[in-house]
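So the chains spell out like this:
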There are 2 protein chains.
Amino acid sequence: MTKIYSSSTKKSLAASLAGQNHADTLHNSDDLALIKRRHASLGGSILFYKEPAHIVRGKGIWLFDNKEKRYLDCYNNVASVGHCHPRVVEALTQQSATLNIHTRYLHENVVNYTEHLLSTFPEELNVVMMTCTGSEANDLAMQLARMVSGNNGAVVMENSYHGNTCLVSQLSTCLGSGNKQSDYVASVEPPNSYRGSFRADQRLSDRQLSQKYANLVDKEIQTLENNGHGVAAFLCDTIFDTQGGLVAPKHYFKQVYKKIRAAGGLCIADEVQAGFGRTGKMWGFEHFDVVPDIVTLGKPMGAGHPVAGLVTTRAIADEFAKRSFYFNTFGGNCVSALVADTVLSIIEQEKLIEKCAQVSVYLREKLLLLQDKYPLIGNVRGLGMFIGIELVRDRKTLEPAQEEALTIAELMKREGVLLGVTGRLGNVIKVRPPLIFSKENADELIDKLDLALREIA
Amino acid sequence: MTKIYSSSTKKSLAASLAGQNHADTLHNSDDLALIKRRHASLGGSILFYKEPAHIVRGKGIWLFDNKEKRYLDCYNNVASVGHCHPRVVEALTQQSATLNIHTRYLHENVVNYTEHLLSTFPEELNVVMMTCTGSEANDLAMQLARMVSGNNGAVVMENSYHGNTCLVSQLSTCLGSGNKQSDYVASVEPPNSYRGSFRADQRLSDRQLSQKYANLVDKEIQTLENNGHGVAAFLCDTIFDTQGGLVAPKHYFKQVYKKIRAAGGLCIADEVQAGFGRTGKMWGFEHFDVVPDIVTLGKPMGAGHPVAGLVTTRAIADEFAKRSFYFNTFGGNCVSALVADTVLSIIEQEKLIEKCAQVSVYLREKLLLLQDKYPLIGNVRGLGMFIGIELVRDRKTLEPAQEEALTIAELMKREGVLLGVTGRLGNVIKVRPPLIFSKENADELIDKLDLALREIA
């Protein structure tokens, strides 16, 4: 879920962001008129920021509003190759002017793309199923897992987000109480060495910490087995966005996968956020020395074009095909396939993963220097270009600095930098820029963050 | 579901269409190599036709294969404004070169589109929620209906298709036994004056026939109330595709809606197929003098670009927003919104609905003349540019001519015409061309259909 406001603050923000309230803060009456029209005609209309950003143009790492104010984009992961990349525009233009049709006729684009995509995966993951959104990919992955395992239940993280279909919104434990949790969903505490159950004992090795958190899954498996659902799947991001940009200890996934598979379940890696280089490797799971049974993909896959999918094994795909039937009108059409293929080529040819890995080390160092300077920064963590900066009012009690996080986001917008706020407690600054983010961009981010932190200190 | 093969023949066809079998029929070894690569890397890979159509280019009503063979497109409803319409390509190019971003920043495109779209609806339907696919739209509609009604069950048609998410695939009764039907789904016989339960009594007025079929819903409502699910929704196409292009009698929906609403349920019109002018009116429900509570949209909405959504009332949207939260990363982004807006403008400015209504009358007359000539044609029916031609071996016993329907589809492909086969019995030729279909195109279709019918007579 892309959000600048955490789920815990969702309701009050939804209220404060309703059209009439914008009237109190907005200086720009043209924007106010547009906001009112929007609230009148569009459902699910929450906007970021007290005074919404009226973005009209993007180029590379930059976004521009309707007053030509320039913003450094430190938030948007979808345009990971940079906004309006000319090769993406060219692919979209050329193919949509030639043919845009579904996959029931033969066309080379979808075949070229699936082969290209599979070349980036371990060889046992050798089949692609195309969808249009990450929600559809996670929904389909769960359908596969249920059919193949014969079980019904799912183990997910606390405060997870996996999408908006009926099924995956039930698996999204960060969503409000309006989404009835079914008893086939069991949620487990995510590993959190800063604030989690096992934080106190600093003597734990990475392997021991992994084991302690992995062992929490035992109880959830037991619950699902006792209530008759059994375990169809463990569905988990490989970097924990809605939990505040947490990173699992090195051996965590290996140990959890072992338990899930012993219970007859499949391991689904949700790489809708982490995939396509975000973490400094092509796939997030590569950091953890595991091979999932199903990997789901989305967001940056088409640089904004609605294309998504999943990768799985031949055995799982065949088992599903024996018992059911899958077709998606727009999924894998010749335009979507060419755009996705182009994005993947750009990531490879412009060496964005290597770049992301390098710049992220530089940025992390700079952030640690800021942490030395400002007691408000309790923790800096992340993988690659997915960084969480947890703000606390007291480094001993870890009192969450939720309002400060929101204020920082607003001040940064004023300064021309877009970033987000996330986490169960709403006190984690989320830095998740396009992968083309440079050292110079990192310097600008740090300078302005320094300024904002000084202002609220 | 776009398909040339009916659901009843799905499994055998899936088998016969596997890569190795194509080897027996294929003359083109390049295509065979591509098909093999496709089956190896793509899940859900079923292709139309014994010898798949390798389409590489489209323009207006025409599709062209890799040998430059030209096909008259009588099948594809997605490109309803014609393949590769220059205004659609221009919108896609211009906006994707300028900005492609989600709806959490303010942008005029999504507001302009939602207002434009709502101008085509009755005034009580005044809120749009944007998705990327018809599946997502139907899934979200059911979530709304459940939340607002407080009930869980759904009444759908027998042999229905509403999409591929976990929830809507359970509501798609045409899918195989692999999709476990849950007891919250109750399916009812669709009105069918040619072959249905009440066909015998020709003295029935339209109102009486409507009532007889509508009364079948009583039992399903009762079942859902008895098993504790209650009725959340009646989810129904306004033209029955997978049931063989059936058209409900004039008063059917009015009478069913009354029963559903009395049971506390919402009425969802699935206009993913019927909407945007297909039936000769903008919305299929306009033929039946009803106003649904939710209308779902998809396929032709973006002429192939993955954009879809639903339209509902302010009260329903607000009730949902109180209890849950909806965001869709790509839904309503500034590219999708502009493309959809352009498609709607083309439909209006090129008067495609009026054209479709006129040409469909002409085409229907010609088809009735063919029916006089060939006993195989048992029934011609439909609304606007959605026409079903039911083939029977005997006009008295109505023995379905399933193989003949498949043969006709293959012969028509040979003759350069693409059309489909549908219906529970797989014996209905489906004619569903782009809305730009002209009288000249109709003449060509009729001439070639005449030829194919003569060949198998």
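(A) Inspection of the overall build of chain A at higher detail. For chain A, the helix and strand inventory stands at 14 helices and 15 strands. For chain A, the C-alpha radius of gyration of 22 Å lies close to 23 Å, the compact-globule estimate for 457 residues. If you line up chain A on its principal axes, its C-alpha atoms span 60 × 60 × 45 Å. The 457 residues of chain A split such that 61% are buried.

(B) Geometry of the packing of helix H8 (residues 206-226) of chain B against helix H9 (residues 252-262) of chain B. Residues and elements named next belong to chain B. Packing of H8 against H9 brings their axes to within 8 Å, and their N-to-C directions diverge by 25 degrees. On the basis of their axis angle, the class for H8 and H9 is roughly parallel. For the element pair H8 and H9, the recorded crossing hand is right-handed. Residue-level contacts link Ser-210, Gln-211, Tyr-213, Ala-214, Val-217, Asp-218 and Ile-221 of H8 to Tyr-252, Gln-255, Val-256 and Lys-259 of H9. When grouped by side-chain class, the residues that make up the contact of H8 with H9 number 6 nonpolar, 3 polar and 2 charged.

(C) Region of interest: the environment of Val-127 of chain B. Structurally, Val-127 of chain B can be placed in strand S4 (residues 127-131). For Val-127 of chain B, a count of 25 C-beta atoms within 10 Å puts it in the buried group. Separated by 132 residues in the primary sequence, Val-127 of chain B and Lys-259 of chain B place their C-alpha atoms 25 Å from one another. Apart from residues no more than four positions distant in its own chain, Val-127 of chain B is found in contact with Ser-41 and Gly-43 of chain A together with Val-311, Thr-312, Thr-313, Arg-314 and Ala-317 of chain B.

(D) The arrangement of the interface of chain A and chain B in detail. Opposite the 79 residues of chain A that make contact, chain B presents 80 residues. Taken together, the elements giving at least two residues each to the side of chain A that touches chain B come down to helix H3 (29-41), strand S1 (55-59), helix H4 (86-98), helix H5 (108-118), strand S4 (127-131), helix H6 (134-149), helix H7 (166-170) and helix H10 (314-323) of chain A. Broken down by element, the residue count for the side of chain A that touches chain B peaks at 7 residues, all from H6 of chain A.

(E) Broad picture of unusual backbone geometry. All names here are of chain A. Not every positive phi belongs to a glycine, and Glu-68 is a case in point at roughly 65 degrees. Relative to the elements of secondary structure, Glu-68 occurs in the loop between strand S2 (62-65) and strand S3 (70-73). A tally of 8 C-beta atoms within 10 Å means that Glu-68 is categorised as exposed.

(F) Focus on the relation of the copies chain A and chain B. Turning chain A through 180 degrees and shifting it by 0.0 Å along the axis lays it on chain B, with an RMSD of 0.0 Å. Read as a symmetry element, the transformation amounts to a two-fold axis. If distances are taken from each C-alpha of chain A to the rotation axis, the shortest is found for Thr-93 of chain A, at 2.7 Å.

(G) Up close: the domain arrangement of chain A. Residues and elements named next belong to chain A. Split by domain assignment, chain A resolves into domain 1 (7-81 + 352-456) and domain 2 (86-349). Taken together, the contacts link 29 residues of domain 1 with 30 residues of domain 2. Residue assignment for the side of domain 1 that touches domain 2 shows that the elements contributing at least two residues are helix H12 (352-373), strand S11 (377-383), strand S12 (386-391) and strand S15 (428-431). Counting residues per element, the side of domain 1 that touches domain 2 draws most heavily on H12, at 5 residues. When the residues that make up the side of domain 1 that touches domain 2 are grouped by side-chain class, the tally is 14 nonpolar, 10 polar and 5 charged.

(H) Broad picture of helix H10 (residues 314-323) of chain B. Residue and element names in this part refer to chain B. Those residues of H10 that fall on the buried side of the exposure criterion are Ile-316, Ala-317, Phe-320 and Ala-321. An end-on view of H10 places all buried positions within 130 degrees of arc, on one side of the element. Every exposed residue of H10 that faces more than 90 degrees away from the buried side is listed here: Asp-318 and Lys-322.

(I) Representation of the sheet that holds S15 of chain A within the structure. Residues and elements named next belong to chain A. Ordered in space as S11-S12-S15-S14, the 4 strands form an open sheet in which the pairing is antiparallel. The open sheet has two free edges, formed respectively by S11 and strand S14 (420-422), since each of these has just one partner strand. Across this sheet, the average inter-strand angle for adjacent strands is 30 degrees, counted without regard to direction. As paired elements, S14 and S15 share 3 bridges and run antiparallel to each other. By the bridge assignment, Thr-422 is partnered in S15 with Val-428. Of the strands in this sheet, S11 and S12 are in contact with H12, which crosses S11 at around 170 degrees.

The rules behind these values
- Residues numbered from 1 in each chain as written.
- Chains lettered and ligands numbered in written order.
- Predicted model: local features only at pLDDT ≥ 70, side-chain atom pairs only at ≥ 80, totals over all residues.
- Helix = DSSP H or I, 4+ residues; strand = E, 2+ residues; numbered from the N terminus.
- Rg over C-alpha atoms; globule rule 2.2 N^0.38 Å.
- Buried ≥ 20, exposed ≤ 12 C-beta atoms within 10 Å, placed from the backbone.
- Axes fitted to C-alpha atoms, helices over the stretch in contact; angles between N-to-C directions.
- Parallel < 35°, antiparallel > 145°, perpendicular 65-115°, else oblique.
- Left-handed = near helix turned anticlockwise from the far one by under 90°.
- Contact = placed C-beta atoms within 7 Å.
- Nonpolar A, V, L, I, M, F, W, Y, C, P; charged D, E, K, R; others polar.
- Least-squares fit on C-alpha atoms with pLDDT ≥ 70 in both.
- Domains from an automatic or database assignment.
- Arc of directions from axis to C-beta.
- Pairing = 2+ DSSP bridges.

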